[in-house]
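Report on the structure
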Amino acid sequence: MDINQNKEEERLRGELLEILYQKKITTVFQPIVSLLDGTVHGYEALSRGPTDSLLHTPDVLFKCAQKFNKLWELEFLCRSKAFEAAFKIESEFKLFLNVNPNIMQDVQFRKGFTKEYLDKFAIDPKRIIFEITESEAINHLADFIKTIDNYKEQDYRIAIDDAGAGYSGLNLISDIHPNYIKLDMKLIRDIDKDTTKQSLVRCLNEFSEYTETALIAEGIETKEELLKLIEIGVQYGQGYFIQRPNGILNSISKDVVEIVREENANKRKLLDNRVLNDRIESICKLEQTISPDILVSQVHEMFKENETLSGFCVVKDLLPIGVITRNALYKRISGQYGYILYANKPVSTIMDTDFMHVDYLETIDIVGKEAMQRDFNKIYDFIVVTRKDQFQGTVTVKDLMEKLIEIEFVYAKHLNPLSELPGNLMIEQQLEKALKEKDKRTILYFDLDNFKAYNDLYGFENGDRVLKEFAEILKTRIPPEHFIGHIGGDDFIAIVPKKKTEQLCISVIHTFNEAVVKYYNKEDIEKGYITSKDRKDVEENFPFLSVSIAGVACDHSKTVFELAETAAKIKKKCKKKQGSNYLLS
């Protein structure tokens, strides 16, 4: 070995040992924010060496520690420093910790996350997320998966870091079923200009929605990247544009929060205008109209000049009074004397006064149903659209059918595949709508109690049957004109009239309590409980499945997020009661 190289390595080793012994590690935090509303979801703890050292940056620091077999000591020091810095602050944010996957299996690492150790810092395991870099080689994968499962059972969360940077990421994701997937910054860089990256992230986002895994975009450095990620629908983001790492937990810039909220508002409006709850005016076209005094011969010439015309609306003083279609006209003037008989008469003498007309604010799905219920000889006639009874335009049956197909496609895309109920996108839209409406409504949040214990004992297949059964109960107990959604897992939601809230809660509880018994075997029914292992792998007796319902009145909240916070508090109180219960605000 070269003498100079040897001296350099010795110097680095000396610096590393000094850092470890004197605990010269500084922790900085970078926020991970919701790309729905700009609120802080958590902070990633990042470790830094002394500023005047060659080991200042984490990459060099950890590579050096690995080279000199001091990786465990450095990991422990960084984690301790992160805990000391983070949990001095009284806040419920989540803490993301970078962890070498092979270190996680070390006995010393496990000791560092015992209940006693966490109690020292007053830490709830649910707030800790282990970030595992996908590019790190994992020795003994089967043992590693068991280790991950062990941490999950203790309520820790798992994130795959730098997804997309390596080639084994998809396998690792499918093997350990993480709670979060963090997209590598190389995928995010210039995503607003790169359609290939956009397609990749869209696919990963759809996968994350289907598997109920949260997606985090790392390395957001420009406003344009942020806007594109919001458009795609990525849940969370972090990067220099949002906030640089800092030793102090600063609030997110008002400008950034405003960008996130404004873009989401625009996105919702765009989606509303394009597809969901679409009004007929969005596909209405202002076509040429004719007066009732125009001669039939003139109308005939107009049809001859333009073969694409299907008909005209007859308008007098801006009010539609009839329609004449190409087919109807030709039926009248065909035959030996038809043209001679009608040519010099005004079109008002042969126009159809019994035509379909709808208000411009009518929804496309309602118009579609009404159009299909017309007499067979009129089923393909165009539809007249009015505004304050005045002519606004027309809609062809072809355009109407195409739009209905588009609506069905988008609606199906956003249904929960298990329950076939609307998912989170449509839930959020309906909540926003409910908050704006003058009618008094209540948001009902449904949560199945003891569902995990049932799933563990009877298996996921039976657990899915229970969820389908509950979805059907909601569909039958809650009238079809009221909204029902499936948030995910065993969480459901409904928006109902305030005056019917209590009655509906009682009906759902009664039906569920009667139905749920059939999902247990004879032995458990006789006992009246099941025996399963809790999160600490200790056998425990659990009551039968029950449902907790938290009701929040819309007029008590101004935003969707206030609704969710209030509901969480009510649900927590409700779940403390035994059996099925409801609690209303």
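Heads up: the structure comes first, above all this text.
Given the structure is predicted, the values throughout are model-derived calculations rather than measurements.

**Quick look at the overall build of the protein**
Looking only at helices and strands, the protein has 22 helices and 21 strands in total. Looking at the 585 residues of the protein, the share that counts as buried comes to 47%. Restricting the contact set of the protein to residue pairs at least 6 apart, pairs at least 24 apart contribute 69%. Of the roughly 31,500 Å² of accessible surface on the protein, a fraction of 50% belongs to carbon and sulfur atoms.

**Observations concerning a positive patch on the surface**
There is a patch of like positive charges on the surface, built from K126, K569, K572, K573 and K576. Its place among the elements puts K126 in the loop between helix 5 (115-120) and strand 4 (128-133).

**Looking at the sheet that holds strand 12 (residues 357-359)**
Backbone hydrogen bonds hold the strands of a sheet together, and the pairing may be parallel or antiparallel. Taken in spatial order, the three strands make up an open sheet running 12-13-14, and their pairing is mixed. Looking along the sheet, the strands with just one partner apiece sit at the ends: strand 12 and strand 14 (390-395). Across the sheet, the mean angle from the axis of one strand to that of its neighbour is 35 degrees, orientation sign disregarded. Note: strand 13 (residues 383-387) against strand 14, five bridges, orientation antiparallel. In the sheet register, R387 faces strand 14, and the bridge partner there is Q390.

**Structural notes on the pairing of strand 7 (residues 214-217)**
Burial along strand 7 is two-sided: A214 and I216 and L215 and A217, pointing in opposite directions, are all buried. Here strand 6 (residues 180-183) runs beside strand 7; their pairing, made up of four bridges, is parallel. Within strand 7, the position partnered with L183 by the bridge is A217. The pairing of strand 7 with strand 8 (residues 236-237) spans two bridges and is parallel. Bridged to A217 within strand 8 is G237. With helix 10 (residues 223-232) bridging strand 7 and its parallel neighbour strand 8, the resulting β-α-β unit is right-handed.

**A few points about the nonpolar core**
Formed by 48 residues in total, the largest nonpolar core has its most connected members in L95, L97, I128, I176, L183, L229 and V234. Of all hydrophobic cores here, the second largest spans 34 residues; its members include L421, L467, I484 and A494.

**Side note on the sheet that holds strand 20 (residues 546-553)**
Pairing within the open sheet is mixed, and its five strands lie in the order 16-17-15-20-21. The open sheet terminates on both sides in strands that have one partner only, identified here as strand 16 (483-488) and strand 21 (581-584). Going from strand to strand, the sheet's axes swing by 20 degrees on average, the running direction of each strand aside. Across eight bridges, strand 15 (residues 441-449) lies against strand 20 in antiparallel orientation. The residue bridging D449 from the neighbouring strand is S546, located in strand 20. Along the sheet, helix 19 (residues 460-477) contacts strand 15, strand 16, strand 17 (491-497) and strand 20; its crossing angle with strand 15, the most-contacted strand, is approximately 155 degrees.

**Structural notes on the environment of I379**
Relative to the helices and strands, I379 resides in the loop between helix 15 (364-372) and strand 13. Measuring from C-alpha to C-alpha, the distance between I379 and M356 comes to 9.9 Å, with 23 residues separating the pair along the chain. When neighbours within four sequence positions are excluded, I379 is seen to be in contact with A371, M372, R374 and V397.

**Some details on the packing of aromatic side chains**
With the rule as written, the count across this model stands at eleven aromatic pairs. When the centroid spacing of 5.5 Å and the interplanar angle of 90 degrees are considered together, the rings of F470 and F512 count as edge-to-face. Taken together, the residues F470 in helix 19 and F512 in helix 20 (residues 501-515) connect sequence positions 42 residues apart. F512 matches F470 in its accessibility class, with the two residues each being buried.

**Quick word on the environment of M351**
As for its position among the elements, M351 is in the loop between helix 14 (338-342) and strand 12. Residue M351 is classed as buried on the basis of its relative accessible area of 15%. Along the backbone, M351 and L329 are 22 residues apart, and their C-alpha atoms lie at a distance of 8.5 Å. Contact partners of M351, with chain neighbours within four places excluded, come to V314, I321, G322 and V323.

**Things to note about helix 13 (residues 326-333)**
Taken together, the buried positions of helix 13 are occupied by R326, L329 and I333. One side of helix 13 holds all its buried residues, which, seen down the axis, span an arc of 65 degrees. Turned more than 90 degrees away from the buried face of helix 13, the exposed residues are N327 and K331. In this structure, the buried side of helix 13 is in contact with helix 12 (296-305), strand 10 (311-316), strand 11 (319-325) and helix 14. Looking at the residues trailing helix 13, positive phi occurs at G335, about 95 degrees.

**What to know about the packing of helix 12 against helix 13**
Packing of helix 12 against helix 13 brings their axes to within 11 Å, and their N-to-C directions diverge by 125 degrees. When the interaxial angle is binned, helix 12 and helix 13 end up oblique. Where helix 12 crosses over helix 13, the two elements pack in a sense that is left-handed. Residues V296, V299, H300 and F303 of helix 12 form the contact with helix 13, whose own contacting residues are R326, L329, Y330 and I333.

Reading the values: the criteria
Residues numbered from 1 in each chain as written. Predicted model: local features only at pLDDT ≥ 70, side-chain atom pairs only at ≥ 80, totals over all residues. Heavy atoms only, no water. Helix = DSSP H or I, 4+ residues; strand = E, 2+ residues; numbered from the N terminus. Buried < 20%, exposed > 50% of the residue type's maximum accessible area, 1.4 Å probe, protein only. Contact = heavy atoms within 4.5 Å. Areas by Shrake-Rupley, 256 points an atom, 1.4 Å probe, with all protein chains shown as cover. Patch = residues over 30% accessible without salt bridge, like charges linked within 9 Å, V, L, I, M, F, W, Y side chains within 5 Å. Salt bridge = Lys/Arg side-chain N within 4 Å of Asp/Glu carboxyl O. Lys, Arg positive; Asp, Glu negative; His and termini not counted. Charge placed at Lys NZ, Arg CZ, Asp CG, Glu CD. Pairing = 2+ DSSP bridges. Axes fitted to C-alpha atoms, helices over the stretch in contact; angles between N-to-C directions. Right-handed = clockwise from strand over helix to strand, strands pointing away. Core = buried A, V, L, I, M, F, W, Y, C linked by side-chain atoms within 4.5 Å. Phe/Tyr/Trp six-rings, centres within 6.5 Å; stacked < 30°, edge-to-face > 60°. Arc of directions from axis to C-beta. Parallel < 35°, antiparallel > 145°, perpendicular 65-115°, else oblique. Left-handed = near helix turned anticlockwise from the far one by under 90°.

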